[in-house]
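# Architecture at a glance
Below, each chain spelled out in residue letters.
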Amino acid sequence: ECCVIQCVSSTEELRKHSWSGIPREVRPITWRLLSGYLPANKERRELVLKRKREEYFGFIEQYYHSRTDEHYKDTYRQIHIDIPRTNPLIPLFQQPAVQEVFERILFIWAIRHPASGYVQGINDLVTPFFVVFLSEFVTEDMENFEVAALPLETQRNIEADSFWCMSKLLDGIQDNYTFAQPGIQNKVKALEELVSRIDEDVHNHFKKYEVEYLQFAFRWMNNLLMRELPLRCTIRLWDTYQAEAEGFSHFHLYVCAAFLIEWRKEILSMVDFQGLLMLLQNLPTIHWGNEEVGLLLAEAYRLKYMFADAPSHYKR
């Protein structure tokens, strides 16, 4: 653990430093701290990690065999179908060893959270944690790294830590995934309301061509923009989400608004429903990196300041 973590005396200070991006080499420990998985108290860290990792593998022993039971086999089948579709273009995620890790994590989460169970979209949320915790052990080409070559204990630790950090994240947005996904319905409505206030032209353009926000923004909320951005950008985005209070729920809304307005010119030049939807479902972010994400976050912060935190005279 480098001096950054040593010097930072409080979680509050850590959040402040992390908002504008976390250096790769301290990202794993920082994410564990920011998610609330690791205690701020240094003396207790080792013990907590050991206990939580054992607890996770206790769940596996207790529950994982039940994936073939009548009661759970549909859940398991859905997870099994979704896993190969998670990051289909990255060889790392096509490895059987990695797919099995994801299956275990998602199955255990689902049966421990019966209010929502497993919902498509949750599978994406394991990915950033898995990649960040793997990065502690892999310096070279991560996307092609053979995970099975790592010591078994290392593989197990990455799996358990990914499970707990994903669980912490989902605790804050579980209403996104309960029956009928009310959290997402509400967030898409809130996005529409926000866009109507910050960019009437775009809003009216959608109205004119009968584009419903749900048609493109459901996925933005359900998968936290992961399907719209390269993985490296999601990881950078999550540095800030974990540093920001209610980052994955409240702040994400402003990021989505800023993201939409980013494509304003392209949106306004499309003059048919089909073209608009094609654009919105395939936004050209493939070359994006830290700089673009940084600008997006700055704009989201500005919007949040103007429309959420500001006195009412700012609000139209």
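Residues numbered from 1 in each chain as written. Predicted model: local features only at pLDDT ≥ 70, side-chain atom pairs only at ≥ 80, totals over all residues. Heavy atoms only, no water.

### Notes on the overall build of the protein
The criterion, for reference: The helix count covers DSSP runs of H or I at least four residues long, the strand count covers runs of E at least two residues long, and both are numbered beginning at the N terminus. Classification of residues uses two cut-offs on accessible area relative to the type maximum, computed with a 1.4 Å probe and protein chains only: under 20% is buried, over 50% is exposed, and between them is partly exposed. The contact definition used throughout considers only heavy atoms, calling two residues in contact when any of these lie within 4.5 Å. The Shrake-Rupley method, run with a 1.4 Å probe, gives the accessible areas here. Residue values count only the displayed protein chains as cover. Within this scheme the basic residues Lys and Arg register as positive and the acidic residues Asp and Glu register as negative, but His and the chain ends are omitted. By convention, charge coordinates are those of NZ in Lys, CZ in Arg, CG in Asp, or CD in Glu.
Across its full length, the protein holds 16 helices and 0 strands. The principal-axis extent of the C-alpha atoms belonging to the protein is close to 55 × 50 × 35 Å. Scored against the burial criterion, the 316 residues of the protein give a buried share of 54%. Considering only contacts within the protein whose residues lie at least 6 apart along the sequence, 73% involve residues at least 24 apart. For the protein, the exposed surface amounts to about 15400 Å²; the carbon and sulfur share of it is 52%. One finds the centroid of the 35 positive side-chain charges in the protein at a distance of 3 Å from the centroid of its 44 negative side-chain charges.

### Looking at helix α8 (residues 152-173)
Selection criterion: Residue count minus one, scaled by 1.5 Å, sets the expected span of a helix.
The end-to-end C-alpha separation of α8 is 32 Å, in line with the 32 Å expected for 22 residues at 1.5 Å each. Summarising burial for α8: 16 of the 22 residues are buried, a large majority.

### Observations concerning unusual backbone geometry
The backbone of N87 sits at a positive phi, close to 50°, despite the residue not being glycine. Its location among the elements puts N87 in the loop between α5 (73-82) and α6 (96-112). Exposure remark for N87: the relative accessible area of 14% places this residue in the buried category. Phi at Q181 takes a positive value of approximately 50°, unusual for a residue other than glycine. Tracing the backbone shows Q181 in the loop between α8 and α9 (182-198).

### Description of the side chain of R32
Worth spelling out the cut-off: In protein, a polar contact means a hydrogen-donor-capable atom and an acceptor-capable atom, both N or O and within 3.5 Å, with residues adjacent in sequence counting only if both atoms are side-chain atoms; elsewhere, any N or O pair within 3.5 Å suffices.
Among the secondary structure elements, R32 is positioned in helix α3 (residues 27-34). Here the side chain of R32 touches E136 through a polar contact of 2.7 Å, side chain to side chain. Every residue in contact with R32, bar those within four places of it in the chain, is listed here: Y37, L38, L49, R53, F133, E136, D161 and C165.

### So, the environment of M226
Considering the arrangement of structural elements, one finds M226 in the loop between α11 (213-222) and α12 (231-243). Take M226: its relative accessible area is 9%, and that puts it in the buried class. The sequence separation of M226 and N87 amounts to 139 residues, and the corresponding C-alpha distance is 9.7 Å. When sequence neighbours within four positions are dropped, the list of residues in contact with M226 reads D124, L125, T127, P128, L231, T234 and W238.

### Quick notes on the pattern of salt bridges
The line we're drawing: Here, a salt bridge means any side-chain nitrogen of Lys or Arg that lies within 4 Å of a carboxyl oxygen of Asp or Glu.
Counting across every chain of the model gives 17 salt bridges. Across the pair R264 and D199 runs a salt bridge, and its minimum N-O distance is 2.5 Å. With R264 in helix α14 (residues 264-269) and D199 in the loop between α9 and α10 (200-208), this residue pair connects regions lying 65 residues apart in the sequence. For R264, a relative accessible area of 29% puts it in the partly exposed group. The network of salt bridges with shared partners includes R32, R53, E136 and D161.

### A word on the state of the cysteines
Definition in use: Here, the term disulfide refers to a pair of cysteine sulfur atoms separated by no more than 2.5 Å.
Tallied over the entire structure, the rule returns 0 disulfides. With no disulfide of its own, C256 lies closest to C233 among cysteine sulfurs, the gap being 15 Å.

### Some points on the environment of L34
Inspection of the secondary structure puts L34 in helix α3. In this structure the C-alpha to C-alpha distance between L34 and I122, which are 88 residues apart in sequence, comes to 20 Å. When sequence neighbours within four positions are dropped, the list of residues in contact with L34 reads L14, R15, S18, I22, D239, Q242 and A243.

### Here's the deal with the side chain of Q181
A relative accessible area of 14% means that Q181 is categorised as buried. Once you skip the residues sitting within four places of it in the chain, Q181 turns out to touch V119, D175, N176, F218 and N222.

### Re the domain arrangement of the protein
The cut-off we apply is this: In this document the domain limits rely on a domain assignment from an automatic tool or a database. We define buried area as the total accessible area lost by two parts upon association, computed with a 1.4 Å probe and summed across both.
According to the domain assignment, the protein contains domain 1 (41-163) and domain 2 (182-308). For domain 1 and domain 2, the distance between their C-alpha centroids amounts to 28 Å. Contact with domain 1, which involves 14 residues of that partner, is made by 10 residues of domain 2. When the two sides are added together, the surface that domain 1 and domain 2 hide from each other amounts to roughly 910 Å², 69% of it contributed by carbon and sulfur. On the domain 1 side of the interface with domain 2, the three residues burying the most area are D124, L125 and P128, jointly 48% of the side's total.

### What about the packing of aromatic side chains?
Condition: What counts as a ring pair is set by centres within 6.5 Å for rings of Phe, Tyr and Trp (its six-membered ring), and what kind of pair is set by the plane angle: stacked under 30 degrees, edge-to-face over 60, tilted for all other angles.
Overall, the coordinates contain 30 aromatic pairs when judged by the stated rule. Their ring planes at 35° and their centres at 6.2 Å tell us that F59 and Y63 sit as a pair that is tilted. Of the two residues, F59 and Y63 are both situated in helix α4 (residues 42-63); the distance of 4 residues between them amounts to about one turn of the helix. A ring pair is formed by F206 and F216, whose centres lie 5.4 Å apart and whose planes are at 50°; its orientation type is tilted.

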